[in-house]
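Each chain, written out:
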Amino acid sequence: MRVVGIVAEYNPLHNGHIYHLEEAKRRTGAAYCIVVMSGNFVQRGEPACTDKFTRAEWALQAGADLVIELPAVFANASAERFAEGAISLLAETGIVTDLAFGCEQSDLDALYRLSDILADETPAFRQTLAIHQKQGKSYPRARYDALAEMGLNPVLLKELAKPNNILAIEYLRCLNLFAQDIAPCPIERIQNAYNETALTGEISSATAIRSAFSNGDPRVISALPLFVSGALQFDPQFPISLNDIGAMMLYKLRSMSVEELLELPDMGEGLEQVFLRCARSCCDAESFFAAVKSKRYTLARCKRIGMSALLGINRELGERMRLPENHYLRILGLRRSARSLLSAIVSLSRTPIIMRNADVLSCSAAAQESLRIDAFSTDVIAYALKKELHRDNQSAITL
């Protein structure tokens, strides 16, 4: 039996995602599809457009058979840690045979060459990278310029600059490290780019869709399935924005000492002083992030640091959660027709499976701390929505 795994955020789920789900099953011949999905917070360092339970239900309606939560410790992280967490969980189900991922470059050989180059950080590369970082460049820019200086093929260099390719490369690296039995299946994006800001018809980027909703553009409806467009168009609590939780984040940052700020993932190099100063002078999230970002510190990195502060994610927990003994499979949603899939995971996986409160007792101390953060993220979203969300204490969604 073939089971295809997908890593997603569905922020929001759109027609391009449905195409990806259908192609993933068609190309791999998989009978089932397991999605590892970011919880309430996503990799760009913001709350997702809706709570994780709503998005898990969307995934099931779109064709997924099982939805597993990617813990906030991994979801609100760099591409490297995001990929490590997601691929680890898919591998630990014990039943995933294929990994389908979207990318701008579907040439698997080219992606593998890039993955090998980045995995093999020679002393010369590290030295060149350090020189570019000292010039005040962000890590992605410094890495790109270092590889260009060292003579990387211009064609490969161009592919490295594309967002989906960056994640694809990280997925391949992780497959090589600890999931060699899982076969990669790249699926090239169609009709639009990842960061495309304009709608492009029925297949549009999530970036363009979020922008269209914020601007009240009615054309956005054609880019979404009805079960998503209805929720976003007619439910007044959606979509959730960064400003909805900005006051909470600034309050948390203002209450932290420099020493506590330094414990946050990706913090350092004097950025903690910038965060402290700007948190005390800014009154909303938009002005705060405009003040702290720079050529060296990307907006996404700064947002992830801010969300880590709000949720209570520190560097130590992030490192502990990279250990397999601290992983867990938190089930967000399941198709009734795929109960045999869950039974197979229960029989084959040694990773704790979380479907209700009592299951948490089988987890390590680090995993329990991560689960508390996941649950707190639901409280944060509930506060933003001005409603109660208790599903972290209930069973998974079934459809």
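Visitor: What should I look at first to understand the side chain of Thr93 in this one?
Guide: When you line up the elements, Thr93 lands in the loop between α4 (79–92) and β6 (98–103). Sequence-distant contacts of Thr93, defined by excluding residues within four places in its chain, comprise Ile34, Ile68, Leu329, Ile345, Leu348 and Ser349.

Visitor: I'm lost on helix α5 (residues 108–119) in this one. Help?
Guide: Residues spaced three or four apart along an α-helix face the same direction, because each turn holds 3.6 residues. Between its terminal C-alpha atoms α5 stretches 16 Å, which fits the 16 Å expected from 12 residues at 1.5 Å a residue. Those residues of α5 that sit buried are Ala110, Leu111, Leu114, Ser115 and Leu118. For α5, the arc enclosing every buried residue in end-on projection is 140°, short of the 170-degree limit, so these residues lie on one face. Away from its buried face, by an angle of more than 90 degrees, α5 presents the exposed residues Asp109 and Ala119. Packed against the buried residues of α5 are β6, α7 (139–149), α8 (154–160), α9 (163–178) and β7 (183–188).

Visitor: When you look at the packing of helix α2 (residues 52–62) against helix α11 (residues 226–234) in this model, what are you seeing that I'm missing?
Guide: The geometry of a pair of packed helices is captured by two quantities: the angle between their axes and the separation between those axes. Put simply, α2 and α11 touch, their axes get as near as 10 Å, and they point 155° apart. Between α2 and α11, the interaxial angle falls into the category roughly antiparallel. Residue-level contacts link Trp58, Gln61 and Ala62 of α2 to Phe227, Val228, Ala231 and Leu232 of α11. Among the residues making up the contact of α2 with α11, the classes are represented as six nonpolar, one polar and no charged.

Visitor: Just to check I follow, could you spell out the environment of Asn314 for this structure?
Guide: Residue placement: Asn314 occurs in the loop between α16 (299–311) and α17 (315–320). Here Asn314 falls in the partly exposed class, since its relative accessible area comes to 27%. Measuring from C-alpha to C-alpha, the distance between Asn314 and Leu264 comes to 4.6 Å, with 50 residues separating the pair along the chain. A polar contact is formed between the side chain of Asn314 and the backbone nitrogen of Leu317, at a distance of 2.8 Å.

Visitor: Is there a simple way to think about unusual backbone geometry in this case?
Guide: Trans is the prevailing form of peptide bonds, just as negative phi is the prevailing case for residues other than glycine. Here the amide bond leading from Asn11 into Pro12 is cis, since omega sits at 0°, within 30 degrees of zero. Considering the arrangement of structural elements, one finds Pro12 in the loop between β1 (3–8) and α1 (15–28). Cis geometry is found at the peptide bond from Phe238 to Pro239, where omega equals -10°. One non-glycine residue, Asp266, adopts positive backbone phi at about 70°. Relative to the helices and strands, Asp266 resides in the loop between α13 (258–262) and α14 (271–281). The exposure class of Asp266 is partly exposed, given its relative accessible area of 29%. Here the phi dihedral of Glu269 falls at roughly 60°; this positive angle occurs in a residue that is not glycine. As for its position among the elements, Glu269 is in the loop between α13 and α14. Its relative accessible area of 54% is what places Glu269 among the exposed residues.

Visitor: Explanation requested: the side chain of Thr50 in the structure shown.
Guide: Note that Thr50 resides in the loop between β4 (46–47) and α2. The buried category is assigned to Thr50, whose relative accessible area is 1%. Those residues in contact with Thr50, other than ones at most four positions away along the chain, are Arg55, Trp58, Leu232, Phe238 and Ile240.

Visitor: How do you make sense of the pattern of salt bridges when you look at a structure like this?
Guide: Pairing is possible between side chains that carry opposite charge, provided their charged atoms lie close to one another. Counted according to the given criterion, the structure contains 18 salt bridges. In this structure, Arg27 engages Glu23 in a salt bridge whose closest nitrogen and oxygen atoms are separated by 2.9 Å. Of this pair, Arg27 and Glu23 both sit in helix α1, separated by four residues, roughly a single helical turn. Take Arg27: its relative accessible area is 39%, and that puts it in the partly exposed class. On the accessibility criterion, Glu23 (12% relative accessible area) is buried. The residue Glu46 makes a salt bridge to Arg44 at a minimum N-O spacing of 2.8 Å.

Visitor: Could you clarify how one ought to interpret the state of the cysteines in this entry?
Guide: Each disulfide consists of a covalent bond between the sulfur atoms of two cysteine residues. Under the counting rule described, the total for this entry stands at zero disulfides. Here Cys33 is not disulfide-linked; the sulfur of Cys185 is the nearest cysteine sulfur, at 11 Å. Looking at the unpaired Cys185, the closest cysteine sulfur is the one in Cys103, lying at 9.1 Å. Residue classification places Cys185 among the buried residues on the basis of a relative accessible area of 11%.

Visitor: Would you take a moment to explain the environment of Gly216 for this structure?
Guide: Inspection of the secondary structure puts Gly216 in the loop between α10 (206–215) and α11. Expressed as a C-alpha distance, the spacing of Gly216 and Pro186, which sit 30 residues apart in the sequence, is 34 Å.

Visitor: Just to check I follow, could you spell out the pairing of strand β5 (residues 66–70) for this structure?
Guide: Each regular strand carries side chains that alternate between the two faces of the sheet. Here β5 lies mainly inside the structure; five of its five residues are buried. Burial along β5 is two-sided: the residues Leu66, Ile68 and Leu70 and Val67 and Glu69 are all buried. Pairing of β5 with strand β8 (residues 329–334) involves three bridges; the strand directions are antiparallel. When the sheet's bridge partners are listed, Leu66 is paired in β8 with Leu334.

Visitor: I keep staring at a negative patch on the surface and nothing clicks. Help me out?
Guide: Residues Glu259, Glu260, Glu263 and Glu316 make up a contiguous surface patch of negative charge. Turning to its location among the elements, Glu316 is positioned in helix α17.

Visitor: Honestly, the environment of Leu348 in this entry has me stumped. Any pointers?
Guide: Position of Leu348 among the secondary structure elements: in helix α18 (residues 339–348). Among the residues examined, Leu348 registers a relative accessible area of 54% and is labelled exposed. As for Leu348 and Val36, which are separated by 312 residues in sequence, their C-alpha atoms are 18 Å apart.

Cut-offs and rules
Residues numbered from 1 in each chain as written. Predicted model: local features only at pLDDT ≥ 70, side-chain atom pairs only at ≥ 80, totals over all residues. Heavy atoms only, no water. Helix = DSSP H or I, 4+ residues; strand = E, 2+ residues; numbered from the N terminus. Contact = heavy atoms within 4.5 Å. Expected span 1.5 Å × (residues − 1). Buried < 20%, exposed > 50% of the residue type's maximum accessible area, 1.4 Å probe, protein only. Arc of directions from axis to C-beta. Axes fitted to C-alpha atoms, helices over the stretch in contact; angles between N-to-C directions. Parallel < 35°, antiparallel > 145°, perpendicular 65-115°, else oblique. Nonpolar A, V, L, I, M, F, W, Y, C, P; charged D, E, K, R; others polar. Polar contact = N/O pair within 3.5 Å; in protein donor to acceptor, adjacent residues only side chain to side chain. Salt bridge = Lys/Arg side-chain N within 4 Å of Asp/Glu carboxyl O. Disulfide = S-S within 2.5 Å. Pairing = 2+ DSSP bridges. Patch = residues over 30% accessible without salt bridge, like charges linked within 9 Å, V, L, I, M, F, W, Y side chains within 5 Å. Areas by Shrake-Rupley, 256 points an atom, 1.4 Å probe, with all protein chains shown as cover. Lys, Arg positive; Asp, Glu negative; His and termini not counted. Charge placed at Lys NZ, Arg CZ, Asp CG, Glu CD.

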